[in-house]
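Analysis of the macromolecular model
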Amino acid sequence: MAEIIAVDQFSQGLKERLQKERKSLGSLKLASLSVGNNFATQSYLSSQKKLAQELQIEYLCLTLGENATQEEVLSQIQKLNTDKEITGIILNKPFPESWQEHVVLAALSFKKDIEGMSPYNLGRLLQKDPLFVSPTALAVLECIDKSKVDLYGKEVTIVGFSTLIGKPLSILLADRFATVCITHIGTSQAGNLASHLKNADIVISAVGKPNLIKGDWIKEGAIVIDVGVGQMKGKLAGDVEFEVAKNRASLITPVPGGVGKLTTLFLFSNLLKAAQL
Ligand code: NAP
């Protein structure tokens, strides 16, 4: 039976560090931009708002209608980039399919891009000289490091290949000398997902499709980090079939109550860094 990764315990130390750091900084303002009314995003927004209050950071939540055009978001980003009161900007996904993600992300000022998704910040990550790194990727690494798992030579399979999670994470893990296998929709559609998971020492899933990963695909003793947040029977649910997987894994994160808690803390850690630039 797997041990549940002690996210609560890890988050406490980080929160205390942020509270201390925040004291020496003046007024701060976070702008959080989202589109429509996505179930998983609502939960992320409420934890952003709660932590902003706790750290006495002004929180500006902007929600565009679900038919918002790319021009509308670009104009909104432009305003936030030049607004001296705004310390950092988050663009909460999902975006409408009609938007060109690379165009939207390129519009972000790299100094306010606290999710590390702009071309400049992704480039710095590739060059092993990161400025802002995806808070979700940092949260996953924290789960691994605080659980005292040595990544060197480990077989890691990542499911999902987004600019926010899968891509930066694959670089960070390879930089730590893990052997990284990246899987995505193509792997799933070819029917090969199970075969890439069965030898993985560490499985990290970031898709947002509940029960995409069957519990019996997990190798005995593997570590399972479930980043996905989807909706099942009106509740938040991860990508991994938790009840079965926990009987095979050695360490596992639940959803809710897992990686997400740390993600919000790393987001604000990046915001404090932006304030100091
Ligand atoms: P995203 O941009 O939609 O990326 C999802 C990725 O999964 C894409 O690469 C997608 O490929 C791939 N995918 C889709 N269906 C798949 C399948 N059947 N098999 C394998 N791969 C598949 O989403 P995101 O922003 O990365 O977020 C992913 C999930 O993490 C969401 O549930 C989100 O709510 C959650 N999230 C959690 C946290 C946290 O801290 N826990 C933080 C942020 C996000 P294609 O694009 O090619 O279809």
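Quantities reported herein were computed from a predicted structural model and do not represent experimental measurements.

Below, the discussion takes up the overall build of the protein. Secondary structure summary: the protein contains eleven helices and eleven strands in total. The C-alpha atoms of the protein give a radius of gyration of 18 Å, which matches the 19 Å a tight globule of 277 residues would have. Among the 277 residues that make up the protein, the fraction classed as buried is 49%. Roughly 13,000 Å² of accessible area belongs to the protein as shown, and the carbon and sulfur atoms make up 52% of that amount. Across the protein, the centroid of the 30 positively charged side chains sits 4 Å from that of the 28 negatively charged ones.

For the protein, the assigned domains read domain 1 (28-115) and domain 2 (134-259). Here domain 1 and domain 2 have C-alpha centroids that lie 26 Å from each other. Contacts between the two partners involve eight residues from domain 1, matched on the other side by ten residues from domain 2. Of the roughly 700 Å² buried between domain 1 and domain 2, counting both surfaces, carbon and sulfur atoms make up 66%. Viewed at the interface, domain 2 and domain 1 are joined by zero salt bridges. Viewed at the interface, domain 2 and domain 1 are joined by one residue pair in polar contact (both at pLDDT 80 or more). Within the residue set of the side of domain 1 that touches domain 2, elements represented by two or more residues are α2 (39-54) and α4 (101-106). Among the elements that line the side of domain 1 that touches domain 2, the one with the most residues is α2, at three residues.

With that settled, consider helix α7 (residues 166-175). Of the residues making up α7, those classed as buried are G166, P168, L169, S170, L172 and L173. Packing partners of the buried residues in α7 comprise α5 (119-126), α6 (135-146), β5 (155-159), β6 (179-183) and β7 (202-205). F177 lies just past α7 and shows a positive phi near 65 degrees.

Here we take up the site of the ligand. Taken together, 23 residues surround the ligand, and among them K93, S162, S188, V229 and T263 come closest. S162 places a polar side-chain atom, nitrogen or oxygen, 2.5 Å from an oxygen atom of the ligand. At 3.3 Å, a backbone N or O of I185 approaches a nitrogen atom of the ligand. When the ligand sits alone it has 920 Å² of accessible area, and the protein chains cover 74% of it. In terms of residues, the shell around the ligand owes the most to one element, helix α11 (residues 259-276), which gives three residues. Taken together, the residues that form the shell around the ligand break down as twelve nonpolar, nine polar and two charged.

A word on the sheet that holds strand β2 (residues 29-35). Read from one edge to the other, the open sheet built from three strands follows the order β3-β2-β4, with strand pairing classed as parallel. In this open sheet, the two edge strands, each paired with only one partner strand, are β3 (58-64) and β4 (88-91). Mean inter-strand twist for the sheet, computed between neighbouring axes without regard to direction, equals 15 degrees. As paired elements, β2 and β3 share seven bridges and run parallel to each other. Residue pairing for β3: L33 is matched across the bridge by L62.

Taken as a whole and judged by the stated rule, the model has three aromatic pairs. Plain terms: the ring middles of F110 and Y120 are 4.0 Å apart, the flat faces sit at 35 degrees to each other, and that makes the pair tilted. With F110 in the loop between α4 and α5 and Y120 in helix α5, this pair connects stretches of sequence that are ten residues apart. When its relative accessible area of 30% is taken as the criterion, F110 is described as partly exposed. Residue Y120 is classed as partly exposed on the basis of its relative accessible area, which comes to 37%.

So, how was this worked out
Residues numbered from 1 in each chain as written. Predicted model: local features only at pLDDT ≥ 70, side-chain atom pairs only at ≥ 80, totals over all residues. Heavy atoms only, no water. Helix = DSSP H or I, 4+ residues; strand = E, 2+ residues; numbered from the N terminus. Rg over C-alpha atoms; globule rule 2.2 N^0.38 Å. Buried < 20%, exposed > 50% of the residue type's maximum accessible area, 1.4 Å probe, protein only. Areas by Shrake-Rupley, 256 points an atom, 1.4 Å probe, with all protein chains shown as cover. Lys, Arg positive; Asp, Glu negative; His and termini not counted. Charge placed at Lys NZ, Arg CZ, Asp CG, Glu CD. Domains from an automatic or database assignment. Contact = heavy atoms within 4.5 Å. Buried area = accessible area lost by both parts, 1.4 Å probe. Salt bridge = Lys/Arg side-chain N within 4 Å of Asp/Glu carboxyl O. Polar contact = N/O pair within 3.5 Å; in protein donor to acceptor, adjacent residues only side chain to side chain. Near = heavy atom within 4 Å. Nonpolar A, V, L, I, M, F, W, Y, C, P; charged D, E, K, R; others polar. Pairing = 2+ DSSP bridges. Axes fitted to C-alpha atoms, helices over the stretch in contact; angles between N-to-C directions. Phe/Tyr/Trp six-rings, centres within 6.5 Å; stacked < 30°, edge-to-face > 60°.

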